[in-house]
Amino acid sequence: MRVPDISVVMATHNPGSIVQKCLESLQQQLLFSKAELIVADCSTDGTDEIIRTQFPRVKLLHFPRPMGLPELIREAMRRAQGRVVAVTEPYCLFPRDWMSKLLQAHESDFAVIGGAVENGRPNGLVSWACYFADYGAFMLPAQRQATDVLAGNHVSYKRGVIEEARDSIKDGYYKTFFHWDLERRGVGFLFNPALVLYYARSNTFWKFCRRYFQHGWFFAALRSRRMSAAARFLRLVTIPALPPLLLYRRLQAAFGKKRHRAKLLLSIPLLLVFVTVWTGGEWMGYLLARSPREVYR
């Protein structure tokens, strides 16, 4: 059996109709015949049936029980056979030459490569604020550079790196912590702006706040496992300083792009709410030192 050049893996939990557009954009790739698509799914909205009937080339891993997205991604990565393994999500749309450029990028010595994320759903201020909160730092234009700051929905690995670091994902694929482990191993990271995808998730203000709170809680709870009690206490007492710092980082990263500045400025009140909500989640995570697995979906 021929080893695929690229494995594209993603996790799905009730993504809605956008998953069809995502998979269609991947099936239309110029190098699709040399790739495999793996979707790990625990949806209850019929996503698994849509994939089975409309996308027979996709390797579907359907789990009837609820699972967290990190665990789903881990299961997909375990089954990936490609020389390059790309991690993404069903809310992303891809230009037809994306796979070609990804393979070309991996001809370099870098084992971990990420790319740009453009707003694929520019239909209102809330949509823009959500985009700036998560992906403004990865907006074009951008410079090709060695960096460990890569978008979680647009990152790829040489398969050998994953094989060598299997223990780091045994409890699930958590991008930030996985990358910290790779850094300690001396693995190189590259941001390549020639790689572009379009983020097209439909967000509402309240859904985004809920998800941001959960992710902040989840991040801090996992980080607490690697911290002493004294370090956790220090995080708890200094956390009021976090919202202005997070807001500054998001504004600095996006404003320097010299694009969509008016939308960015109008988004500042919403961004302030988002980073405050994230901070509340982090506070819970450091306080309780346990993750909200039942809601991290």
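Look up a bit, the structure's there.
Because the structure is a prediction, the values reported are computed rather than measured.

The rules we used
Each residue is numbered by its place in its chain's sequence as written, counting from 1. Under the rules for a predicted model, residues below a pLDDT of 70 receive no local features and side-chain atom pairs below 80 are neither given nor counted, while totals for whole chains, interfaces and linings still include all residues. Side-chain calculation: all heavy atoms of the structure are included, whereas hydrogens and water are not. Should a side-chain nitrogen of Lys or Arg be within 4 Å of a carboxyl oxygen of Asp or Glu, the pair is scored as a salt bridge. Burial classification: accessible surface area is computed with a 1.4 Å probe over protein chains only, and a residue below 20% of its type maximum counts as buried, one above 50% as exposed, and the rest as partly exposed. Counting from the N terminus, the helices are the DSSP runs of H or I reaching at least four residues and the strands are the DSSP runs of E reaching at least two. Orientation is described by axes fitted as lines to C-alpha atoms, over the contacting stretch for helices, and by angles from 0 to 180 degrees between their N-to-C directions. To sort the angles, those under 35 degrees are grouped as roughly parallel, those over 145 as roughly antiparallel, those from 65 to 115 as roughly perpendicular, and the leftovers as oblique. A clockwise turn of the near helix away from the far one marks a right-handed crossing, whereas an anticlockwise turn of less than a right angle marks a left-handed crossing. Residues count as neighbours in contact if any of their non-hydrogen atoms are within 4.5 Å of one another. When residues are grouped by polarity, Ala, Val, Leu, Ile, Met, Phe, Trp, Tyr, Cys and Pro land in nonpolar, Asp, Glu, Lys and Arg in charged, and all others, Gly among them, in polar. When DSSP finds at least two bridges between two strands, those strands are taken to pair. By the criterion used throughout, a crossover qualifies as right-handed when its path from the first strand across the helix to the second strand runs clockwise, the strands pointing away from the viewer. Residues enter patches when their relative accessible area tops 30% and they take part in no salt bridge; the joining distance is 9 Å for like charges and 5 Å for the nonpolar side chains Val, Leu, Ile, Met, Phe, Trp and Tyr. Accessible surface is estimated by sampling points in the Shrake-Rupley manner with a 1.4 Å probe; for residues, cover comes only from the protein chains shown. The span you would expect from a helix comes to 1.5 Å times its residue count less one. To obtain the arc, one takes the directions from the helix axis to the C-beta atoms.

Novice: Explain the pattern of salt bridges here, please?
Specialist: Opposite charge on two side chains permits pairing when their charged atoms draw close. Considering all chains together, one arrives at 13 salt bridges under this definition. Residue arginine 74 is joined to glutamate 75 by a salt bridge in which the shortest nitrogen-to-oxygen separation is 2.9 Å. With respect to burial, arginine 74 and glutamate 75 carry one shared label: buried. Put simply, arginine 159 and glutamate 163 hold a salt bridge, and the shortest N to O gap is 3.4 Å. Taken as a pair, arginine 159 and glutamate 163 lie in helix 6 (residues 159-164) at a separation of 4 residues, close to a single helical turn. Residue class for glutamate 163 comes out partly exposed when judged on its relative accessible area of 37%. One salt-bridge network, held together by shared partners, links Arg74, Glu75, Arg78 and Arg79.

Novice: Before we go on, may I ask you to explain the packing of helix 9 (residues 229-238) against helix 12 (residues 268-288) in this structure?
Specialist: Between two packed helices, what matters for the description is the angle formed by their axes and the separation of those axes. Viewed as axis vectors pointing N to C, helix 9 and helix 12 meet at an angle of 150°, and their least axial separation amounts to 9 Å. The angle between helix 9 and helix 12 places the two elements in the roughly antiparallel class. Of the two elements, helix 9 crosses helix 12, and the hand of that crossing is left-handed. Where helix 9 approaches helix 12, its residues Arg232, Arg235 and Leu236 are matched on the opposing element by Trp283, Tyr286 and Leu287. Here the contact of helix 9 with helix 12 is built from residues that sort into 4 nonpolar, no polar and 2 charged.

Novice: Just checking my understanding: could you explain the environment of methionine 67 for this structure?
Specialist: When you line up the elements, methionine 67 lands in the loop between strand 3 (59-62) and helix 3 (69-79). Taking the C-alpha atoms as reference points, methionine 67 and serine 108, 41 residues apart in sequence, are found 35 Å from one another.

Novice: Quick question: what am I supposed to make of the pairing of strand 3 here?
Specialist: Regular strands show a simple pattern: their side chains alternate between the two faces of the sheet. Here 4 bridges tie strand 2 (residues 35-41) to strand 3, and the two strands are oriented parallel to one another. Its bridge partner being in strand 3, valine 39 is matched across the sheet by leucine 60. As for the winding sense of the linkage, the β-α-β connection from strand 2 through helix 2 (residues 47-54) to strand 3 is right-handed.

Novice: Looking at this structure, I do not really get a nonpolar patch on the surface. What am I missing?
Specialist: Together, Phe233, Leu234 and Val237 line one region of the surface with nonpolar side chains, adding up to about 320 Å² of accessible area. Among the residues examined, phenylalanine 233 registers a relative accessible area of 56% and is labelled exposed.

Novice: I would appreciate a short explanation of the side chain of serine 127 in the present structure.
Specialist: As for its placement among the helices and strands, serine 127 is situated in helix 5 (residues 125-135). When its relative accessible area of 12% is taken as the criterion, serine 127 is described as buried. With sequence-adjacent residues up to four places away left out, serine 127 is seen in contact with Asn119, Arg121 and Pro122.

Novice: Explain helix 10 (residues 242-255) to me, please; I cannot follow it from the model alone.
Specialist: Note: α-helices contain 3.6 residues per turn, so residues at a spacing of three or four share the same orientation. Under the 1.5 Å per step criterion, the end-to-end length of helix 10 is 20 Å for 14 residues, consistent within 8% with the ideal 20 Å. Where helix 10 is concerned, the buried positions are Leu242, Pro243, Leu246, Leu247, Arg250 and Ala254. End-on, the buried residues of helix 10 take up no more than an arc of 130°, which puts them together on one face. Facing away from the buried side of helix 10 by over 90 degrees, the exposed positions are Pro244 and Tyr248. Where helix 10 is buried, its residues meet helix 5, helix 8 (205-224), helix 9, helix 11 (261-266) and helix 12.

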